[in-house]
Amino acid sequence: MKSDTMLNPLYAGLRYSINEVVKGGNILLVRKRKERREKYLSFDREVAYRGSLPSDNTNVLLTDQDIIMKLIIGIGGVTNGGKTTLTNKLMQALPNCCVIHQDDFFKKPDQIEVGEDGFRQWDVITSLDMEAMVNTIKGWQENPVKFARSHGVSVTPKAEEQEPDNAIHILIVEGFLLYNYQHILDVYDQRYYIAIPKEECKRRRSTRTYTVPDPPGLFEGHVWPMYLKHRKEMENNCNGIEYLDGLKSKEEIYNQVYESIHNNLLNRFIGKISTQYV
Ligand SMILES: Nc1ncnc2c1ncn2[C@@H]1O[C@H](COP(=O)(O)OP(=O)(O)OP(=O)(O)O)[C@@H](O)[C@H]1O
Ligand SMILES: NC(=O)c1ccc[n+]([C@@H]2O[C@H](CO)[C@@H](O)[C@H]2O)c1
């Protein structure tokens, strides 16, 4: 096997004609020659196949059972950093991609504590029903296909099971306090964090209306101080975060993350193979 060989897990589910086979243990590396649609750009049409070797060197059908990967991506960051914008773009590009928004787990306004400063304390972890959020993530982990269907995400229909989209299931978890909840730090395969400076954050936030609108002074008195506190905690307790500059254009941020997800998938996949390729 060439060391620079590219493996694309997104291409499982296709029927591959073999023109190069490398055998090792029960691993077969298959290179597909024929061009297919360019949905996932810039990767060689190569996949790895785990299973019994075919008797002839003509066709191998890769199925979900051969290669199934689940990937959980965290898109964290400061309020109005651009998390939802990025998430929506990724959702359109990634196969079988579901999303969980942390904001959907805010407790009801009358359950949000009022602090000594007189503000409702929205920007703390106890304002969220994190247990419910964790259970929702677990629901996806147990059965991503069922989860996708029940959340209105289209999964490749039975008739098209030979399409690549079946091979991989991706969950994006998006929110402002993702990496401050110890119980689920490990759940993320990739952790992104978007940050923007205070003045830009204040400007963007002033254009927004939440279900409960910000009272005067909330940003300076509560939102920003809590952001600084949580960010420090996160930096002390959570490793492996990829920081994103939220001042870059939407397109630039998207391209950076998309590429990074793809690279991660490739590395994980190659890792999986090489551990068995002895
Ligand atoms: N890269 C960017 N450059 C300039 N403006 C952006 C960028 N990304 C997002 N915005 C704008 O900033 C605002 C907030 O974006 P978005 O809703 O995606 O942020 P968010 O992090 O999900 O916010 P929150 O979680 O606080 O609701 C929107 O008006 C959006 O159009
Ligand atoms: N979504 C809501 O119900 C809500 C209500 C009040 C305030 N917020 C703000 O949302 C941000 C996270 O996205 C936090 O900064 C909250 O202040 C949300």
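Please read all numbers here as calculations on a predicted model, not as lab measurements. (Residues numbered from 1 in each chain as written. Chains lettered and ligands numbered in written order. Predicted model: local features only at pLDDT ≥ 70, side-chain atom pairs only at ≥ 80, totals over all residues. Heavy atoms only, no water.)

> Would you mind showing me how to read the site of ligand 2 here?
As a matter of local geometry, ligand 2 sits amid Thr 79, Asp 103, Phe 106, Trp 122, Asp 123, Phe 176, Arg 205, Tyr 210, Thr 211 and Val 212. Measuring from an oxygen atom of ligand 2, one finds a side-chain N or O atom of Arg 205 at 2.7 Å. Within the complex, the protein chains bury 91% of what would otherwise be the 420 Å² of accessible surface of ligand 2. One can see that ligand 2 is located within the largest pocket. A per-class count over the shell around ligand 2 returns five nonpolar, two polar and three charged. (Near = heavy atom within 4 Å. Polar contact = N/O pair within 3.5 Å; in protein donor to acceptor, adjacent residues only side chain to side chain. Areas by Shrake-Rupley, 256 points an atom, 1.4 Å probe, with all protein chains shown as cover. 1 Å grid on protein atoms, 1.4 Å probe; cavity = no way out; pocket = protein on both sides within 12 Å on 5 of 7 lines; lining within 4 Å. Sits in = over half its atoms within 2 Å of the grid points. Nonpolar A, V, L, I, M, F, W, Y, C, P; charged D, E, K, R; others polar.)

> So what exactly am I meant to see when it comes to the layout of surface pockets here?
Taking a probe equal in size to a water molecule and rolling it over the atoms shows the remaining empty space. By volume, the largest pocket amounts to about 830 Å³. Around the largest pocket, the lining comprises 39 residues; the ones closest to its centre are Thr 79, Asn 80, Asp 103, Arg 208 and Tyr 210. Residue assignment for the lining of the largest pocket shows that the elements contributing at least two residues are helix H1 (83-93), strand E8 (168-175), helix H4 (198-206) and helix H6 (250-276). In terms of residue count, H1 provides more of the lining of the largest pocket than any other element does, five residues in total. Each residue belonging to the lining of the largest pocket can be placed in one class, and the counts come to 13 nonpolar, 12 polar and 14 charged. (Points joined across faces, edges and corners; volume = space filled by probe spheres on them. Helix = DSSP H or I, 4+ residues; strand = E, 2+ residues; numbered from the N terminus.)

> Looking at this structure, how should I read the confidence of the model for the protein?
Low pLDDT marks stretches whose predicted atomic positions should not be read closely. In this model, the protein carries a mean pLDDT of 76, and residues with pLDDT of at least 70 account for 66%. This stretch, residues 1-67, has a pLDDT under 50; its non-local contacts, to residues over four places away or in other chains, come to 165 contacts. The ipTM value of the predicted complex is 0.98, and its pTM value is 0.78. (pLDDT = per-residue confidence, 0-100. Contact = heavy atoms within 4.5 Å.)

> Would you mind showing me how to read the sheet that holds E8 here?
Strands belonging to one sheet form pairs held by backbone hydrogen bonds; the direction of such a pair is parallel or antiparallel. Taken in spatial order, the five strands line up as E7-E8-E6-E9-E10 in an open sheet, and their pairing is parallel. Every other strand in the sheet has two partners, leaving strand E7 (97-101) and strand E10 (241-245) as the edge strands with one partner each. Neighbour-to-neighbour, the strand axes of this sheet turn through a mean angle of 20°, independent of strand direction. Judged from the five bridges that link them, strand E6 (residues 69-77) and strand E9 (residues 190-195) form a sheet pairing that is parallel. Bridged to Gly 74 within E9 is Arg 191. Sheet contacts for helix H5 (residues 218-237): E9 and E10; angle to E9, the most-contacted strand, approximately 150°. (Pairing = 2+ DSSP bridges. Axes fitted to C-alpha atoms, helices over the stretch in contact; angles between N-to-C directions.)

> Honestly, the site of ligand 1 in this entry has me stumped. Any pointers?
As a matter of local geometry, ligand 1 sits amid 17 residues, with Thr 79, Lys 83, Thr 84, Thr 85 and Arg 208 nearest to it. In the environment of ligand 1, an oxygen atom lies 2.5 Å from a nitrogen or oxygen atom belonging to the side chain of Thr 85. Between ligand 1 and Arg 208 there is a distance of 2.7 Å, counted from an oxygen atom to a side-chain nitrogen or oxygen. Here ligand 1 loses 78% of its free accessible area of 640 Å² to cover by the protein chains. Elements supplying a minimum of two residues to the shell around ligand 1: H1 and H6. The element that contributes the greatest number of residues to the shell around ligand 1 is H1, accounting for three residues. Across the shell around ligand 1, the residue classes tally to three nonpolar, eight polar and six charged.

> I'm lost on the packing of aromatic side chains in this one. Help?
The geometry of two aromatic rings is summed up by the distance between their centres and the angle between their planes. Applying the stated rule across the entire model yields eight aromatic pairs. Positioned above the aromatic ring of Tyr 254 is the side chain of Lys 89, whose terminal nitrogen or guanidinium carbon lies 5.3 Å from the ring centre. (Phe/Tyr/Trp six-rings, centres within 6.5 Å; stacked < 30°, edge-to-face > 60°. Lys NZ or Arg CZ within 6 Å of the ring centre and 35° of its normal.)

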